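These are the residues of each chain, in order.
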Amino acid sequence: MEFPLWLTNNYLEVFGAVTGIIFVLLEIRQNIWLWPLGILTSGTYIWVFFTNKFYADMSLQGYYLAISILGWYWWTRHREGDEDRHELVVTRLKFRTGAYIAIAFILMFAGLWFVLEKFTDSPVPIYDSFITSLSIVATWMLARKIFEHWYLWIIVNGVSAIVFLSRGLIPTLVLYTVYCIMSFAGIIEWKKSLINRKVQ
């Protein structure tokens, strides 16, 4: 297939991949514009995943739309106390929060796997469920600016790249491979914020 024809047939996937990469660049820099861009990217990928029968991933995009609005609010209007409002800062994951997150992940993973296995024609129900559940957790942690969310993205993006390769979603494979590499850059940059807070 010639490239112009391929691009015509896959323009939405390519668009979603490009905006997704820009999203992670903004995330690394803790730039507030990542949230409206995330809304745009999620809308695009709802259609991409629907047409490729990745139903859990498609549903995940609806969650991304909602969490993008909430994250936008949290990042700009985080309330501390009754009256004062402060910009949300990067923090480390607390043990109790981590325990709740682990329980939520296990329950979501098991539930999604059951639903996809029994009631859909998903070609990869276990991987689709795993990617979706861990992505939900990681995105919530991003919205709260919890540093360790980057480690979850490395896992999500690595597994996703393998799955999308097996399904022939080449632009999305490239996107998630870039995501995985950029996650390491995110760890480095966000760690600087933690160090700067300690110095102050």
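Above this note sits the structure.
These lines cover the structure that appears in this document, whether it is placed above or below. (Residues numbered from 1 in each chain as written. Predicted model: local features only at pLDDT ≥ 70, side-chain atom pairs only at ≥ 80, totals over all residues. Heavy atoms only, no water.)

**Considering unusual backbone geometry**
Line of reasoning, step 1. Located in the positive-phi region is Gln30, a residue other than glycine, with phi close to 55°.
Line of reasoning, step 2. Secondary-structure assignment places Gln30 in the loop between α2 (11-28) and α3 (34-51). (Helix = DSSP H or I, 4+ residues; strand = E, 2+ residues; numbered from the N terminus.)

**Examining the nonpolar core**
The tendency in soluble globular proteins is for nonpolar side chains to be buried as a group.
Line of reasoning, step 1. Judged by nonpolar contacts, the single largest core of 51 residues is most densely connected at Val24, Phe54, Trp75, Trp150, Phe164, Tyr176 and Trp190.
Line of reasoning, step 2. Sorting the residues of this core by element identifies α2, α3, α4 (55-77), α5 (95-119), α6 (125-143), α7 (149-167) and α8 (170-199) as the ones contributing at least two each.
Line of reasoning, step 3. Per-element accounting of this core gives the leading share, 9 residues, to α8. (Core = buried A, V, L, I, M, F, W, Y, C linked by side-chain atoms within 4.5 Å. Buried < 20%, exposed > 50% of the residue type's maximum accessible area, 1.4 Å probe, protein only.)

**Considerations on the side chain of Ser160**
Line of reasoning, step 1. Following the sequence through the fold, Ser160 ends up in helix α7.
Line of reasoning, step 2. Among the polar contacts listed, one links the side chain of Ser160 to the backbone oxygen of Val156, at a separation of 2.7 Å.
Line of reasoning, step 3. With sequence-adjacent residues up to four places away left out, Ser160 is seen in contact with Ile131 and Tyr176. (Polar contact = N/O pair within 3.5 Å; in protein donor to acceptor, adjacent residues only side chain to side chain. Contact = heavy atoms within 4.5 Å.)

**A few points about α7**
Line of reasoning, step 1. For α7, built from 19 residues, the straight-helix expectation of 27 Å at 1.5 Å per residue is met to within 8% by its first-to-last C-alpha distance of 27 Å.
Line of reasoning, step 2. Within the sequence span of α7, burial applies to His149, Trp150, Leu152, Trp153, Ile154, Val156, Asn157, Ser160, Ala161, Val163 and Phe164.
Line of reasoning, step 3. Of the residues flanking the end of α7, it is Gly168, one or two places downstream, whose phi is positive at about 75°. (Expected span 1.5 Å × (residues − 1).)

**Looking at the packing of aromatic side chains**
Line of reasoning, step 1. Counted under the stated rule, the structure contains 13 aromatic pairs.
Line of reasoning, step 2. Taken together, a centroid distance of 5.8 Å and an interplanar angle of 85° make the contact between Phe105 and Phe130 edge-to-face. With Phe105 in helix α5 and Phe130 in helix α6, this residue pair connects regions lying 25 residues apart in the sequence.
Line of reasoning, step 3. The exposure class of Phe130 is partly exposed, given its relative accessible area of 23%.
Line of reasoning, step 4. In textbook terms, an aromatic cluster arises when at least three aromatic residues are bridged by ring pairs, as seen for Phe23, Trp35, Trp75, Trp150 and Trp190.
Line of reasoning, step 5. Over the ring of Trp74 we find Arg144; its NZ or CZ atom is 4.3 Å from the centre of that ring.
Line of reasoning, step 6. Residue placement shows Lys145 over the ring face of Trp75; its charged tip is 4.4 Å from the ring centre. (Phe/Tyr/Trp six-rings, centres within 6.5 Å; stacked < 30°, edge-to-face > 60°. Lys NZ or Arg CZ within 6 Å of the ring centre and 35° of its normal.)

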